[in-house]
Amino acid sequence: MLSDEKPSVCVLGLGYIGLPTAAVIARSGCAVLGVDVTAHVVDTVNSGKIHIEEVDLEGLVQGVVARGTLRASLHIEPADVFVIAVPTPFGDNHVPDTSYVMEAATNVAAALKAGDTIILESTSPVGTTEKMRDLIAKLRPDLKIPGLTHDVPDVAIAYCPERVLPGRILEELTNNDRCIGGITPRCARKALGFYRRFVRGECVTTSARAAEMTKLVENSYRDVNIAFANELSIVADEMELDVWEVIRLANRHPRVNILKPGPGVGGHCIAVDPWFIIHGAPNQTPLIRIAREVNDSKIDHVLEQAARMIDELPGVSVACFGLAFKANIDDFRESPALKIAAKLAQQYGGRIKIVEPYASELPAAFDGTGAELIDIDAALENCPVMITLTDHDIFKSIPLDERAGKVVYDTRGIWPDQPDNVQAVTGLRLAS
């Protein structure tokens, strides 16, 4: 049974995961402080607004800020529970960079008191939670730290990764099952009590290392399966087959479920997390490594096909539909769509027009290229060539008659039906 006394919570990092997490916790009635290093983010949240695109998030943030259960700051304050949700990118040669986690842990250590709980949510290499524990132990020798003391520890340390889909984050933060890994079973139980306040899905406890690996495995599984679809699309292109038809027919088998190919894999999860496993066991991960290489190389394949098509139509304007890494969000991290569109802009300059309803201006990658951000209507009126790179719902709504007479390179398969007078690059084939 949960205690009637709600813990105070400090969430470090107010990005695509941290801000929704802070808002959902605040909705449960806990007093939440969100900490971020960017003053604009802090000011935006404190005004009841948001700096990212996510369904229903602004209304929730506005409500919990108005009720006083959520506020933001540049500085950490004492709390009962600390949730770390900072970035974990990789550096040169895909080496994981956990410096943001360790910096956050350093700040938490200064505010810790006996009875507190520290939970790392950032996707991390196996062993990161233990390294965070060791750092806190070094910084706070006055506290008994779990796993390093034979006595009852003063604090609890756990790892609990998010499992959410952009565009459905609020729903999935609440309803998805959670895997809670403790430095010790006692730590896991303490964190479990916290998550039960706002999670309706099942909460399962395990060790911190197992929870870290579980998160990496989930995204690596998806990466490997996407790589199969992407490789299949390249094979179909070579054999002059419609990859969408082949997949549709193959999936009629009761035990086959091939995913959809695309221009690559983006986002901060699937495009990054497999490298954390590879880095930890480089000699035991040939399949995961090859899948990563297949998905990264798909960008080059799409660029080659697009360039061939554009070169056959000199002088005409080309509309690239989408920069986000997936549909209906404004997240451009590791986006293959952005990389492809930027490369085409560097090569073809002002001929390239960008249609991205979730952007008010082009990212810095387009600086000096002459590329222009336009709306859908302008693209349909002025661009004889259309390349789909992101499957936003609004793109799917473009009717057949408005695509008539266009040369279409549909890398996402969002327009399976084409009018007779369209030169369709079906799947990933060049128009004949």
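To keep things clear, this report deals only with the structure shown in the data block. (Residues numbered from 1 in each chain as written. Predicted model: local features only at pLDDT ≥ 70, side-chain atom pairs only at ≥ 80, totals over all residues. Heavy atoms only, no water.)

## What about the side chain of Asp410?
Definition in use: Strands here mean DSSP runs of E at least two residues long; helices mean DSSP runs of H or I at least four residues long; both are numbered from the N terminus. Each residue's exposure class comes from its accessible area (1.4 Å probe, protein chains only) as a fraction of the maximum for that residue type: buried when under 20%, exposed when over 50%, partly exposed otherwise. A positive count includes Lys and Arg, and a negative count includes Asp and Glu. His and the chain ends are not counted in either. Basic side-chain nitrogens of Lys or Arg form a salt bridge, by our definition, when they fall within 4 Å of a carboxyl oxygen of Asp or Glu. Under this definition, polar contacts are N or O atom pairs within 3.5 Å; protein pairs additionally need one hydrogen-donor-capable and one acceptor-capable atom, and for neighbouring residues in sequence, both atoms have to be side-chain atoms.
Take Asp410: it is sitting in strand β13 (residues 407–410). The side chain of Asp410 is buried and forms no salt bridge, while Arg403, the nearest opposite charge, is found at 7.1 Å. From its side chain, Asp410 meets the backbone nitrogen of Ile414 in a polar contact 3.0 Å long.

## Brief notes about the pattern of salt bridges
Taken as a whole, this structure holds 18 salt bridges when the rule is applied. Notably, a salt bridge pairs Glu218 with Arg163, separated by 2.5 Å at the nearest N-O pair. Note that Glu218 is positioned in helix α8 (residues 208–238) and Arg163 in the loop between β6 (156–159) and α6 (169–175), a separation of 55 residues in sequence. The exposure class assigned to Arg163 is partly exposed, which follows from its relative accessible area of 28%. Notably, a salt bridge pairs Arg168 with Glu172, separated by 3.9 Å at the nearest N-O pair.

## Let's talk about the sheet that holds strand β8 (residues 203–207)
This is how it is decided: Here the rule is simple: two strands pair whenever DSSP picks up at least two bridges between them. All axes here are fitted lines through C-alpha atoms, helices being fitted over the stretch that makes contact, and every angle between N-to-C directions spans 0 to 180 degrees. In what follows, a contact means two residues having at least one pair of non-hydrogen atoms within 4.5 Å.
In spatial order, the strands read β3-β2-β1-β4-β5-β6-β7-β8; together these 8 strands make up an open sheet with mixed pairing. Each edge of the open sheet is held by one strand with a lone partner, namely β3 (70–73) and β8. Ignoring which end each strand starts from, the neighbouring axes of this sheet average 25° apart. Taken together, the 5 bridges between strand β7 (residues 178–182) and β8 define a ladder with parallel strand orientation. When the bridges of β8 are listed, Ile180 appears paired with Thr205. On top of the sheet, helix α1 (residues 18–27) reaches β1 (9–12), β2 (32–35) and β3; it is set at about 170° to β1, its chief contact.

## Some points on helix α10 (residues 273–280)
Counting buried residues along α10, 6 of its 8 residues qualify, which places the element largely inside the surrounding structure. By the burial criterion, the buried members of α10 are Asp273, Pro274, Trp275, Phe276, Ile277 and Ile278. The elements touched by buried residues of α10 are α8 and α11 (286–311).

## Some details on the packing of aromatic side chains
Our working definition: In this analysis, rings of Phe, Tyr and Trp, with Trp reduced to its six-membered ring, are considered paired at centre separations within 6.5 Å, and the interplanar angle assigns stacked below 30 degrees, edge-to-face beyond 60, and tilted for intermediate values.
Under the counting rule described, the total for this entry stands at 5 aromatic pairs. Seen from their ring centres, Tyr195 and Phe198 are 5.5 Å apart, and the 50° between their planes marks the pair as tilted. Residues Tyr195 and Phe198 agree in their burial class; the two are buried. Between Phe321 and Phe395, the ring centres sit 5.1 Å apart and the planes meet at 90°, which makes this aromatic pair edge-to-face. Taken together, the residues Phe321 in strand β9 (residues 318–321) and Phe395 in helix α14 (residues 393–396) connect sequence positions 74 residues apart. Across the pair, exposure class does not vary: Phe321 and Phe395 are buried alike. Chaining the aromatic ring pairs together yields one cluster made of Phe194, Tyr195 and Phe198.

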